[in-house]
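Fold and contact review
Chain by chain, the residues run as shown.
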Amino acid sequence: MNHYQGPQDQTRLMTAPIDGLAPELLNQILSWVYKTDARGRNNLAICLLVCRQWNQQGQSILYRDLVLDTGNLQQFLESFDKNALSSYTRALTLRASAPLVEDWDPNETDAQKYHSISFNRLDGWLRRLTYDVFPLMNKLITLSICVMRNQNCKLSKHTLAAVLKALPATCVDLELDTNGKDSDDINNDFDENTVSDDSTHLCEELRRILPRLQHVRLNLRFTCGALVGKYEEDGFNPIKIPNVQQFLINCRRVWSTSQCCPQTISENPSVREQRSWHSLIHGLSHVMDCGGLRPGADVRVLAQSAGSLAHATIKKTLLCYHATEKCTWAYPLATTPLKGEVLYFLRTESGGFIGESRYLQDIIEGFSWITLKTEARLHKDRVRDGVAESIDVTPEEEWRTRWPRQSCALWVNESKTGMLLAEAERRDGPLGSENGYDALQWVVELTPEGWYRPEQTDGALLERVQGLD
């Protein structure tokens, strides 16, 4: 027998207490709120205020992959939940940039003074993070510290060394990308490259924890072979890094290659003329020779050669040394315009790619470290259910199909001659030789027989020699 249900009864059937949602469903809803975009952190923080159940569920999501920057770092340090930090945090991403000095007198013209105040404010926050937060992170797996692109920012080497010493033993993934903005003196606008009594050698600090790490990505102002061994009287003594699955070291600096650490140059005059590239390859070669790497480890060192604007055949070239193979791949670069932007064409052994200069690094690294839409940085092997930011890189074949009129001088010359003129080169000659895997040498674009270049500037087109069919 059917009973009539009035409006109040129908409403009761359609609604339920907000804290009556099944935990699994609530977790999915809050996870979706968090991982949709960078504003998800704020949206999830609001959800935590709904009720006790939402707060408990939401904290496990909010604290799992922490993302801190100059906009929220101070507030976090004043209000973080110790229990949530200890129970839930698996990854910490710090997006470093210079904080604003709100009380700065607009009539003050001393830029160095402003920078000093800003850099020291950030340094103070980072030190509090080191001493007050890291000891509580019992389950931390990943730490990523990156100076944001195009930021006038400095990080103290001494503070970074303290960070490395304070890392819990559970942390096995490390990304330390200062983009060359690490310094012994953050109060000085001028970069120093000499050694003083209070200088910090970050390579030595990293060497102490490297044997336990699994995924490592470094981009520091200076690097050297001391990262993987000690320079002693009887020669170089390498360490073993048996747990490393992937190790990426970036020696690129603008369109050149970074210098070797001043400490190593001071102690070993024989390496005075070497770049970080040479020193690292030397050290890693010794690691390989002593069996210090696990089978299948992916260890790469990146560098670059600037090319020449005055000589069309000398191409800008990115270099990638593969330690386990003892070889280097040299990848030529060309530029191609699109809607007024200058994009780069990079030709690798697995094909060509077009993208902005900031994505060249990701291409060579095999897109190994992922930025999620929440702005968390994780190695790709740690990404489970997060949504990654899109990377605007287009394969060559797709580009030619979509924009057939957007070309570059290299493609035009290759179309004219019917052959590839600048290919990725594998270099596996002995150390110090012309084709040695330690050679900081660019790729040269070929000029086929019967062709010549009326101009020698970058982007010059080939012409047929007169009188030839």
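Details of the structure are given in the entry above.
Read on for a plain summary of the structure. (Residues numbered from 1 in each chain as written. Predicted model: local features only at pLDDT ≥ 70, side-chain atom pairs only at ≥ 80, totals over all residues. Heavy atoms only, no water.)

Here helix α7 (residues 111-133) is 23 residues long and its end C-alpha atoms lie 32 Å apart, about the 33 Å a rise of 1.5 Å per residue gives. Those residues of α7 not exposed but buried are His 115, Ser 116, Ser 118, Phe 119, Leu 122, Asp 123, Trp 125, Leu 126, Leu 129, Thr 130 and Val 133. Contact partners of the buried residues in α7: β1 (65-69), α5 (73-79), α6 (82-88), β2 (91-96), β4 (155-156) and α8 (157-166). (Helix = DSSP H or I, 4+ residues; strand = E, 2+ residues; numbered from the N terminus. Expected span 1.5 Å × (residues − 1). Buried < 20%, exposed > 50% of the residue type's maximum accessible area, 1.4 Å probe, protein only. Contact = heavy atoms within 4.5 Å.)

Another aspect to go through is the pairing of β2. With five of six residues buried, β2 lies mostly within the body of the structure. For β1 and β2, the ladder comprises five bridges, and the chain directions are parallel. Looking across to β2, one finds that Leu 66 is bridged to Leu 92. The sheet contact formed by β2 and strand β3 (residues 142-147) spans six bridges and is parallel. (Pairing = 2+ DSSP bridges.)

Along the polypeptide, Ser 86 turns up in helix α6. A distance of 2.7 Å separates the side chain of Ser 86 from the side chain of Asn 138, its partner in a polar contact. Every residue in contact with Ser 86, bar those within four places of it in the chain, is listed here: Leu 136, Asn 138 and Lys 139. (Polar contact = N/O pair within 3.5 Å; in protein donor to acceptor, adjacent residues only side chain to side chain.)

Approximately 1500 Å³ is the volume found for the largest pocket. If you go around the largest pocket, you meet 50 residues; those closest to its centre are Val 147, Arg 149, Asp 177, Asn 179 and Arg 358. Elements with a minimum of two residues in the lining of the largest pocket: β3, β5 (173-177), β6 (182-183), β7 (215-219), β11 (252-253), β12 (256-257), α12 (360-364) and β19 (369-371). Ranked by residues supplied to the lining of the largest pocket, first place goes to β19 with three residues. Its residues assigned to classes, the lining of the largest pocket shows 15 nonpolar, 16 polar and 19 charged. (1 Å grid on protein atoms, 1.4 Å probe; cavity = no way out; pocket = protein on both sides within 12 Å on 5 of 7 lines; lining within 4 Å. Points joined across faces, edges and corners; volume = space filled by probe spheres on them. Nonpolar A, V, L, I, M, F, W, Y, C, P; charged D, E, K, R; others polar.)

This part covers the packing of aromatic side chains. By the definition in use, this model includes seven aromatic pairs. Summarising the aromatic geometry, the rings of Trp 399 and Trp 403 are spaced 4.6 Å apart at their centres and angled 55 degrees between planes, so their arrangement reads as tilted. Among the aromatic residues, ring-to-ring pairing joins Trp 277, Tyr 321 and Tyr 437 into one connected group. Taking the ring centre of Trp 255 as reference, the NZ or CZ of Lys 316 above it sits at 4.2 Å. (Phe/Tyr/Trp six-rings, centres within 6.5 Å; stacked < 30°, edge-to-face > 60°. Lys NZ or Arg CZ within 6 Å of the ring centre and 35° of its normal.)

Turning our eyes to something else, we now look at the packing of α7 against α8. Interaxial distance between α7 and α8 falls to 9 Å at its minimum, and their mutual angle equals 15 degrees. What the angle tells us is that α7 and α8 run roughly parallel. For the pair α7 and α8, the sense of crossing is left-handed. Note on element contacts: α8 touches α7 through His 158, Thr 159, Leu 160, Ala 162, Val 163 and Ala 166, opposite Asp 123, Leu 126, Arg 127, Thr 130 and Tyr 131. Classifying every residue of the contact of α7 with α8 by side-chain character gives six nonpolar, three polar and two charged. (Axes fitted to C-alpha atoms, helices over the stretch in contact; angles between N-to-C directions. Parallel < 35°, antiparallel > 145°, perpendicular 65-115°, else oblique. Left-handed = near helix turned anticlockwise from the far one by under 90°.)

It is possible for side chains of opposite charge to pair when their charged atoms get near one another. Following the criterion strictly, the structure yields 22 salt bridges and no others. Across the salt bridge formed by Arg 217 and Asp 177, the nearest N and O atoms sit 3.0 Å from each other. A residue pair is termed long-range when its members are at least 10 positions apart, and Arg 217 in strand β7 and Asp 177 in strand β5 qualify at 40 residues. Neither Arg 217 nor Asp 177 differs from the other in exposure class; each is buried. Of the charged contacts, one joins Arg 400 and Glu 396 as a salt bridge, the two residues approaching to 3.0 Å between their closest N and O atoms. Highlighted residues: Arg 400 and Glu 396, both in helix α13 (residues 396-402), separated by four residues, approximately one helical turn. (Salt bridge = Lys/Arg side-chain N within 4 Å of Asp/Glu carboxyl O.)

By secondary structure assignment, the location of Glu 398 is in helix α13. Sequence-wise, Glu 398 and Phe 353 are 45 residues apart; in three dimensions their C-alpha atoms are separated by 9.3 Å.

For the pair α8 and helix α9 (residues 202-209), the least separation of the axes is 10 Å and the interaxial angle reads 5 degrees. When the axis of α8 is compared with that of α9, the two are roughly parallel. Of α9, the residues touching α8 (which contributes Lys 157, Leu 160, Ala 161, Leu 164 and Lys 165) are Leu 202, Glu 205, Leu 206 and Ile 209. Looking at the contact of α8 with α9, its residues break down into six nonpolar, no polar and three charged.

This brings us to unusual backbone geometry. Positioned with a positive phi, Asn 179 is a non-glycine residue whose angle comes to about 55 degrees. If you trace the backbone, Asn 179 turns up in the loop between β5 and β6. By relative accessible area, which is 34% here, Asn 179 ends up partly exposed. Backbone geometry places Glu 375, a non-glycine residue, at a positive phi of 80 degrees.

With that out of the way, let us pick up the pairing of strand β18 (residues 351-355). Most of β18 sits out of view: four of its five residues are buried. In the sheet, strand β17 (residues 341-348) pairs with β18 via five bridges, with the strands oriented antiparallel. By the bridge assignment, Leu 346 is partnered in β18 with Phe 353. The antiparallel pairing of β17 with β18 creates a hairpin that spans two residues between the two strands. Of the pairings in the sheet, the one linking β18 to strand β21 (residues 393-395) comprises three bridges and is antiparallel in character. Pairing of Ile 354 across the sheet is with Thr 394, part of β21.

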